[in-house]
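# Topology and contacts: notes
Given next are the chains, with one letter for each unit.
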Amino acid sequence: MIEQFNPWWRGAEFIREDEDYRKWEEAKVKWVPRAIEEISLEPFSLNFVFGPRQVGKTTLLKLLIKKLLDEGVPPTAIFYLRADYLSDYKELMEVLDEYMQFRKVEGIERSYIFLDEITFPREWFRAIKLYIDMGKFRNDVLILTGSTSMYVKGEVETFPGRRGMGRDIIMYPLSFREFLKVAAPEIYSKLPTVDPNGDVSKCLRLLPWKDRLYEMFMLYLRSGGFPRVVREILERGSVSRESYDIYISWIRGDLLRAGKSEGVARGIIKALLNRVPSPVGWNTIAKEVEIGSHKTVFSYIEFFERNFVVRVLPYFSPNTLEPDFKKEKKIHFTDPFLYSMFSWWCLVEEPDESAVVEGIVATHLARKWSVGYWRNGSEIDVVTRAGVGFEVKWQEKAQPSKVRVGKIRKVVTLTKHEFRKSPLMIPVHVFLACLDV
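Residues numbered from 1 in each chain as written. Predicted model: local features only at pLDDT ≥ 70, side-chain atom pairs only at ≥ 80, totals over all residues. Heavy atoms only, no water.

In this section: the packing of helix H6 (residues 176–183) against helix H8 (residues 210–223). Between two packed helices, the angle of one axis relative to the other and the distance separating the axes together describe the packing. At their nearest, the axes of H6 and H8 sit 10 Å apart, and the two run at 105° to each other. In terms of orientation, H6 and H8 fall into the roughly perpendicular class. Here Phe176, Phe179, Leu180 and Ala183 of H6 come into contact with H8, specifically with Leu213, Met216, Phe217, Leu219, Tyr220 and Ser223. (Axes fitted to C-alpha atoms, helices over the stretch in contact; angles between N-to-C directions. Helix = DSSP H or I, 4+ residues; strand = E, 2+ residues; numbered from the N terminus. Parallel < 35°, antiparallel > 145°, perpendicular 65-115°, else oblique. Contact = heavy atoms within 4.5 Å.)

Structure below.
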């Protein structure tokens, strides 16, 4: 059976018979994920690739397999397995044993082992840990994909001293900067890179490209960064009903596997859509959805966060820049497409464009930096632990933010159009284009 997952064993050219690779190769709009350069390929390495479903993790693996084949790696030294059809670690061990017997016959001493959606078999880590301890992978490179439930459940912590040169890679939907690389490469080549905690005035260099970047950002607001939706927007200008169904099925499937109620989940999502981007507490949501306990709300929000559906921003104390988890949280969806998808699922109107834009800024910054928000009469939408604030003013005529409080001494106003050096005002789309996340 394992040979069905590995058509290249018949010869490197048979990679084109792999359905995932074929779809990528035939797509009019395609790109190579940046994560392909981040994975360690030196033995021994145990790499983990995390991210939401439908973000392209499987395609990443198939492109890496193609790269290895092009570099002359023997086809039978590359083993790919879809683990989501296995029930537990025992079945995983049986499949691994089958491959190891096969490679022994083939005289393969070093393998590249790809285990896709490894979190599905129960106690999967027992098989991997045992075989590492037995030395069965000592010459190999392992790449395992899954969700952050590995961390939440403490499964990754079962590998201390067993990672070799392996790395942890988080694969998000395309950021706006990555979207530009696909949709407008002529602009991407001119983009500077800024650190939000440093000098962001370098964004001013993009003044000549402001209008073109705005045009691209309006496209990004509709597509977000999920590969299938990006292709549909760029190729035909709209998102298909099928795509909505696929992404809703992803959510439904994960809820079912987690033993959670679809009805409760939909109620909580609806409550979030109605309140974004305002801070909200678990008790407030519980009352609105008529759930008996705020603990239930917390468990669902935690589920959504570890599955990359939402990002929770805590309140930051301005005097310490430490999070205060007792206060209300801001909850943003992690990708622009999720706002329209969930609005369609919950039969509610989509949030205002300004709310979605603030969410994009917050979740982009949260990919690399610890961020929260501050509010006390006045508000700063996003605050970093370095004491830099970002106030999003997505309107035709914006005024610079004058709020300064505690250790938050610098606040950058992100606008719809205004471009000003002093006080610093930068269009959102220009700032995000400069943010290398």
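Turning to the environment of Ile65, a few remarks are in order. Its place among the elements puts Ile65 in helix H2 (residues 57–70). With 53 residues separating them in the primary sequence, Ile65 and Ala12 have C-alpha atoms 9.8 Å apart. Sequence-distant contacts of Ile65, that is, excluding residues within four places in its chain, are made with Trp8, Ile15, Ile78, Tyr80 and Phe114.

With that out of the way, let us pick up the domain arrangement of the chain. Taken as a whole, the chain is organised into domain 1 (2–170) and domain 2 (176–434). Inter-centroid distance (C-alpha atoms) of domain 1 to domain 2 is 32 Å. Taken together, the 19 residues of domain 1 in the interface contact 16 residues of domain 2. For the pair domain 1 and domain 2, the summed buried area comes to about 1,600 Å², and 70% of that belongs to carbon and sulfur atoms. Area buried by domain 1 at its contact with domain 2 is led by Val29, Trp31 and Gln54, which between them contribute 36% of it. The interface formed by domain 1 and domain 2 includes 2 salt bridges. Applying the counting rule to domain 1 against domain 2 returns 5 residue pairs in polar contact (both at pLDDT 80 or more). Tallied by class, the residues present in the side of domain 1 that touches domain 2 amount to 10 nonpolar, 6 polar and 3 charged. (Domains from an automatic or database assignment. Buried area = accessible area lost by both parts, 1.4 Å probe. Salt bridge = Lys/Arg side-chain N within 4 Å of Asp/Glu carboxyl O. Polar contact = N/O pair within 3.5 Å; in protein donor to acceptor, adjacent residues only side chain to side chain. Nonpolar A, V, L, I, M, F, W, Y, C, P; charged D, E, K, R; others polar.)

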